[in-house]
Every structure is written in structure tokens, then in C-alpha cells.
Amino acid sequence: MSLLAPQAALARAVAGVIAHGFAIVARNTRGDSVYLKPEGCAFALRISNHARTPKQRKNHPDAIASLVIRTPQTERGVDALVTEALRNFAGARRSREALPTID
């Protein structure tokens, strides 16, 4: 089983999340962080090759889950990471949407 280079693994992850109804809403200038949202949702899933920086947290407070790929991965491994990230996103979204709003 061959390994995908990190950049190819990231591209596969983005495609996998898009296949689940998400769309790219932002990308950093280096192109190594991508933010995706399902239609009509206020929250984003972040896919990147590094942990979020304070600047990214400030600029994208809507990112409630991240998928980080730093090392080569198999296609199956990337698909498993996507499944886990989508599960994490769904759980975080349920939690956030259940919070009472302050008017």
C-alpha cells in the first residue's frame, strides 16, 4: 500500500469533506489551511498541516474542529481521519447549537 505525501493527503481530505456536503469558504495565503462549511452552517471544519495559531483562532473563531495531517498517509488512513473529523465536527456543532443564545 503506497503512502500519499502530506500535501496529497491534505488534498484527499479536502475532497473527502467536500463529498459530504461541505464547501471551501476560506484558505490561508500559503494554502496549507483550508476552512470548509456545510451549506447554511455558521461553523467550519479546518484542514491543515499544522495546529491552529493564535492568529488563525482570532480570524476564524467559527472553526470548531480540525483535521491535521503532517506526515505521509495511506488513502485508507486519510479516509479514516476524514470520518473522525466529521464526527468531531458534528458533535461540536450539536454542542454549540444547543447553547442558549443571549439576546
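See the structure shown above.
The structure presented is a predicted model; accordingly, all values stated were derived computationally and were not measured.

**Q** Please clarify how the environment of R76 should be interpreted in this entry.
**A** Inspection of the secondary structure puts R76 in helix 3 (residues 75–98). For the pair R76 and L3, spaced 73 residues apart in sequence, the C-alpha to C-alpha distance is 9.8 Å.

**Q** Before we go on, may I ask you to explain the pattern of salt bridges in this structure?
**A** Once the charged atoms of two side chains with opposite charge are near each other, the side chains can pair. In the structure shown here, the tally under the stated rule is four salt bridges. The salt bridge partner of R12 is D79, with a shortest N-O separation of 2.9 Å. With R12 in helix 1 (residues 6–18) and D79 in helix 3, this residue pair connects regions lying 67 residues apart in the sequence. Note on R12: relative accessible area 28%, which makes it partly exposed.

**Q** Please explain helix 3 as it appears in this structure.
**A** Helical geometry: 3.6 residues make up each α-helical turn, so side chains three or four residues apart lie on a common side. Here helix 3 contains 24 residues, and its C-alpha end-to-end distance of 35 Å stays within 8% of the 34 Å for a straight helix at 1.5 Å per residue. Residues of helix 3 that are buried make contact with helix 1, strand 1 (22–27), strand 2 (33–38), strand 3 (44–48) and strand 4 (63–68).

**Q** Help me understand the packing of helix 1 against helix 3 in this model?
**A** For any two helices packed against each other, one specifies the inter-axial angle together with the distance between the axes. In contact at an axis separation of 9 Å, helix 1 and helix 3 are set at 45° when each is read in the N-to-C sense. Here helix 1 is positioned oblique relative to helix 3, judged by the angle of their axes. Judged by the twist between their axes, the crossing of helix 1 over helix 3 is right-handed. Contacts between helix 1 and helix 3 pair A9, R12, A13, G16 and V17 from the former with E75, V78, D79, V82 and L86 from the latter. Class assignment for the residues of the contact of helix 1 with helix 3 results in six nonpolar, one polar and three charged.

**Q** Sorry, what's going on with the pairing of strand 2 here?
**A** Each regular strand displays side chains that alternate between the two surfaces of the sheet. Burial of strand 2 is extensive: six of the six residues sit out of reach of the surface. Here strand 2 shows two buried faces, one formed by S33, Y35 and K37 and the other by V34, L36 and P38. As paired strands, strand 1 and strand 2 are joined by five bridges and run antiparallel to one another. Among the inter-strand pairings, F22 is bridged to a residue of strand 2, identified as P38. Joining the antiparallel neighbours strand 1 and strand 2 is a turn of five residues, in which G31 adopts a positive phi near 80°. Two elements, strand 2 and strand 3, share four bridges in a ladder whose sense is antiparallel. Directly across from Y35, in strand 3, lies its bridge partner R46.

Conventions used here
- Residues numbered from 1 in each chain as written.
- Predicted model: local features only at pLDDT ≥ 70, side-chain atom pairs only at ≥ 80, totals over all residues.
- Heavy atoms only, no water.
- Helix = DSSP H or I, 4+ residues; strand = E, 2+ residues; numbered from the N terminus.
- Salt bridge = Lys/Arg side-chain N within 4 Å of Asp/Glu carboxyl O.
- Buried < 20%, exposed > 50% of the residue type's maximum accessible area, 1.4 Å probe, protein only.
- Expected span 1.5 Å × (residues − 1).
- Contact = heavy atoms within 4.5 Å.
- Axes fitted to C-alpha atoms, helices over the stretch in contact; angles between N-to-C directions.
- Parallel < 35°, antiparallel > 145°, perpendicular 65-115°, else oblique.
- Left-handed = near helix turned anticlockwise from the far one by under 90°.
- Nonpolar A, V, L, I, M, F, W, Y, C, P; charged D, E, K, R; others polar.
- Pairing = 2+ DSSP bridges.

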